[in-house]
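Here is what each chain is made of, one letter per residue.
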2 protein chains.
Amino acid sequence: MADSHTSPVDPPRGQRADAQRNYERILAVARTVVDEQGTQASLRDIARRAGVGLGTLYRHFPTRDALLEALLRQGFDRLAADADTLAHRRDAGEALTEWLRDLTRGSTAFRGLPASMLATLADAESPLHTSCLAMREAAARLLERAQAVGDIRPDIDGTDLFALINAVGWVSEQAPPLADRRERLFGLVMDALKPSAQVRSGPGVAPSG
Amino acid sequence: MADSHTSPVDPPRGQRADAQRNYERILAVARTVVDEQGTQASLRDIARRAGVGLGTLYRHFPTRDALLEALLRQGFDRLAADADTLAHRRDAGEALTEWLRDLTRGSTAFRGLPASMLATLADAESPLHTSCLAMREAAARLLERAQAVGDIRPDIDGTDLFALINAVGWVSEQAPPLADRRERLFGLVMDALKPSAQVRSGPGVAPSG
DNA sequence: ACCTGAACACCGTTCAAGT
DNA sequence: ACCTGAACACCGTTCAAGT
């Protein structure tokens, strides 16, 4: 696992010095501005505060998602690694819960991020698509073990988990009173995943009789 | 209940004829445009297509939410009335489920609507605030009966339901593959409300031992 | 009393001109 | 190879000038 990382954000090597400096300045400023304004932050504002021309920002990050991906890569890598670690835990259900809690934290790092993440399901060209696919697959791996042990109902997949976690994150950012309920709603959703919750028929279609 | 309704949208009476006509034209066009573009539709576009000046739109609907409220009033009234009817059903749990299903339909009438509705929790000045408060209260009334009968776990309130329903609606509008899961996710959330799902401690805070 | 649209202050995105 | 910022096509919101 000791690969050749030199920087936390992996700015493309072999660039001109000014290009590399701009790349890093933009990324640093973007972290601040996105933290303030959310994923829909003004790109103009980022370029302005980074002291670069607007075209320079677009050259380094052709789309908003490309910029977001650079901001989030570290967190995604960490989450993927944690999933591998947790996959060896004795208690599969607990491992899944813990990882999903981490995913919630990750997906609420910035306001608007749950929306940006779910949008990747419909846009395979987004630079975030691959990372989010990895999250769904990591979720699926932990899920499978928990289901095998009978901790989680079987009619659920990784995309369900990804959607539900982002839904909880989204709700909690819509209004302060809802932010206070984030943990509770997370717990509610986790309860819904247990086999004990699975009444009626399987996938939610209630029998009429 | 036979009040003096003359129009489905209640345009303020006693207006000048041109004002009343503009009000109605704007509302009709807005329904189309919001249907196409969602709640974040261009107000400029609405005014343009309605053939009125931009200032005229603002005069009749000072805020975006004022326009949305006018578009949604009928549906809200209907939902409130349905809640009253369902409150007399024998099966309290079934009554709640049925009403929440209707609420889901209502809150997904337009793309972006779940977000607009939850935002009213933080903005008491929004014209949508009162209507959404009414929805939470209607949910609370049906909920109370279902809880009294033991159909629903007791650690839930009307705001939880309102948040969860809008969360499901929001998720389903984020990407086509998620739209296909709307019913399933709705069922999942409903399952989470049942007492059988309530394990661990009450409000989601897992005991450490 | 109401309507109109220009004016202002913002966007995202592209691209010709520079170094 | 990279940077810059003007240019274009949009926004939401306000408000002076009209009828």
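Criteria and cut-off values
Residues numbered from 1 in each chain as written. Chains lettered and ligands numbered in written order. Predicted model: local features only at pLDDT ≥ 70, side-chain atom pairs only at ≥ 80, totals over all residues. Heavy atoms only, no water. Helix = DSSP H or I, 4+ residues; strand = E, 2+ residues; numbered from the N terminus. Buried < 20%, exposed > 50% of the residue type's maximum accessible area, 1.4 Å probe, protein only. Lys, Arg positive; Asp, Glu negative; His and termini not counted. Salt bridge = Lys/Arg side-chain N within 4 Å of Asp/Glu carboxyl O. Polar contact = N/O pair within 3.5 Å; in protein donor to acceptor, adjacent residues only side chain to side chain. Contact = heavy atoms within 4.5 Å. Buried area = accessible area lost by both parts, 1.4 Å probe. UniProt positions renumbered as here; feature names shortened; annotations may be inferred. Least-squares fit on C-alpha atoms with pLDDT ≥ 70 in both.

Looking at an unreviewed UniProt entry, chain A carries the name TetR/AcrR family transcriptional regulator, with the source organism given as Yinghuangia aomiensis.

A. How the structure looks around the side chain of Asp-65 of chain A. Residues and elements named next belong to chain A. You can see Asp-65 is positioned in helix 4 (residues 64-86). Notably, Asp-65 is buried but unbridged: the nearest opposite-charge side chain belongs to Arg-64, and the N-O separation is 6.5 Å. Side-chain polar atoms of Asp-65 contact the side chain of Ser-126, separated by 2.7 Å. Contacts of Asp-65, omitting those with residues within four sequence positions, involve Ser-126, Pro-127 and Leu-128.

B. Local environment of the interface of chain B and chain A. Contacts between the two partners involve 39 residues from chain B and, on the opposite side, 39 residues from chain A. Summing both sides of the interface, chain B and chain A together bury roughly 3,300 Å²; the carbon and sulfur share of this comes to 64%. Counting the surface chain B buries against chain A, the share from its top three residues, Trp-170, Arg-184 and Leu-188 of chain B, is 18%. Our count for the contact surface shared by chain B and chain A stands at eight salt bridges.

C. The UniProt feature "DNA-binding region" (unreviewed entry) in chain A, seen in detail. UniProt's entry tags residues 42-61 of chain A with the feature "DNA-binding region" (unreviewed entry), counted in the numbering of this structure. Secondary structure across residues 42-61 of chain A comprises 75% helix and 0% strand; the distance between its end C-alpha atoms is 14 Å.

D. Representation of the relation of the copies chain B and chain A. With an axial shift of 0.0 Å and an RMSD of 0.0 Å, the rotation relating chain B to chain A amounts to 180°. Accordingly, the operation relating the two chain copies is best matched by a two-fold axis. Taken as a fraction of all interface residues of chain B, those also at the interface in chain A reach 100%, which identifies the copy contact as same-surface.

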